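Chain by chain, the residues:
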Amino acid sequence: MTSSVSGSPCALCERPATELIEPPRRTLARGLDPSDPSYSVTVILPDVALCAGHALEVQNGERLLGWCDDERCRAYGELGGSSACGDPYKKLGSGNRS
Ligand SMILES: [Zn+2]
Ligand SMILES: [Zn+2]
């Protein structure tokens, strides 16, 4: 029995999500808090909701997940694909370099 992911669509397609998987990276440094520049904001990312097929592809490394941190999105999608706000989904993880 898989835990059900009520109501969320898959991050990569329109189908209902059936799996939650660990994101490639759990935290995201958002930079300085605009209301308090001495404080930098790190957000904890949620699990990724995926349909069964996409969960397999992601776990096998056939698809790469990205994250859009625009406040209108804050959602996962396929790395490099365009998100709802128009920006591409960006790579998560080990990058100070790009
Ligand atoms: Zn899917
Ligand atoms: Zn976006």
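Here the residue index of a chain counts from 1 through its sequence in written order. Lettering of chains starts at A and numbering of ligands starts at 1, both following the order in which they are written. With the structure being a predicted model, the display of local features is reserved for residues of pLDDT at least 70 and the display and counting of side-chain atom pairs for 80 or more, all residues being used for whole-chain, interface and lining totals. Note that the side-chain values use all heavy atoms of the structure and ignore hydrogens as well as water.

J.: Describe the coordination of the zinc ion (ligand 1), with residues and values.
T.: Only N, O and S atoms count as donors, using a 2.8 Å limit from the metal and a wider 3.2 Å limit for Na, K and Ca, and since water is excluded some coordination spheres may look unfilled. Only Cys10 (SG), Cys13 (SG), Cys51 (SG) and His54 (ND1) from the protein coordinate the zinc ion (ligand 1), and they sit 1.9 to 2.3 Å from it. The site at the zinc ion (ligand 1) holds four donor atoms, and with the angles between them running 107 to 112°, its shape is tetrahedral. Along the chain, the residues donating to the zinc ion (ligand 1) fall in the pattern C-x2-C-x37-C-x2-H. On the criterion of sequence distance, the pair formed by Cys10 in the segment before β1 (19-21) and Cys51 in the loop between β4 (48-50) and α1 (52-59) is long-range, its members being 41 residues apart. When a residue's accessible area, from a 1.4 Å probe over protein chains only, is under 20% of the maximum for its type it is buried; when over 50% it is exposed; and in between it is partly exposed. We classify Cys51 as buried; its relative accessible area is 4%. A site with four donors is called tetrahedral when every donor-metal-donor angle falls between 85 and 135 degrees; four donors are called square planar, and six octahedral, when opposite donors sit more than 155 degrees apart and all other angles fall between 65 and 115; any other arrangement is irregular. By definition, any uninterrupted DSSP run of H or I lasting at least four residues is a helix, any uninterrupted run of E lasting at least two residues is a strand, and each is numbered from the N terminus.

J.: Provide a residue-level description of the packing of aromatic side chains, including the pertinent values.
T.: Ring pairs shown here join Phe, Tyr and Trp side chains whose ring centres sit within 6.5 Å, with only the six-membered ring taken for Trp; geometry is labelled stacked below 30 degrees between planes, edge-to-face above 60, and tilted in between. Applying the stated criterion across every chain yields a total of one aromatic pair. Consider the rings of Trp67 and Tyr76, whose centres lie 4.8 Å apart with planes at 65°: the pair is edge-to-face. Judged by its relative accessible area of 7%, Trp67 is buried.

J.: Describe the sheet that holds strand β7 (residues 90-91), listing the residues and the values that go with them.
T.: Strands pair in a sheet through their backbones, by hydrogen bonds, and they do so in one of two ways: parallel or antiparallel. For two strands to pair, DSSP has to find at least two bridges joining them. Overall, antiparallel pairing links the three strands, which are arranged β6-β5-β7 in an open sheet. Each edge of the open sheet is held by one strand with a lone partner, namely β6 (75-78) and β7. Summarising the sheet, strand β5 (residues 65-68) and β7 pair through two bridges and their orientation is antiparallel. Bridge assignment links Gly66 to a residue of β7, and that residue is Lys91.

J.: Tell me what's going on with the layout of surface pockets, and back it up with residues and numbers.
T.: Gaps left between atoms are located by rolling a probe of water-molecule size over the structure's atoms. Only protein atoms enter the 1 Å grid, on which a cavity is a set of points fitting a 1.4 Å probe that cannot get out and a pocket is an open set with protein on both sides within 12 Å along at least 5 of 7 lines, lining residues being those with an atom within 4 Å of a point. Grid points are joined across faces, edges and corners, and a volume is the space filled by probe spheres set on the points. A volume near 180 Å³ is recorded for the second largest pocket. What lines the second largest pocket is simply Ile21, Glu22, Pro24, Val58, Gln59, Arg63, Leu64, Leu65, Leu79, Lys91 and Leu92. In terms of residue class, the lining of the second largest pocket is built from seven nonpolar, one polar and three charged. Gly counts as polar in this scheme, as do all residues outside two lists: the nonpolar Ala, Val, Leu, Ile, Met, Phe, Trp, Tyr, Cys and Pro, and the charged Asp, Glu, Lys and Arg.

J.: Break down unusual backbone geometry for me, with residues and values.
T.: In this structure, Arg74 is a non-glycine residue whose phi angle is positive, near 45°. Mapping Arg74 onto the fold places it in the loop between β5 and β6. Overall, the relative accessible area of 38% leaves Arg74 in the partly exposed class.

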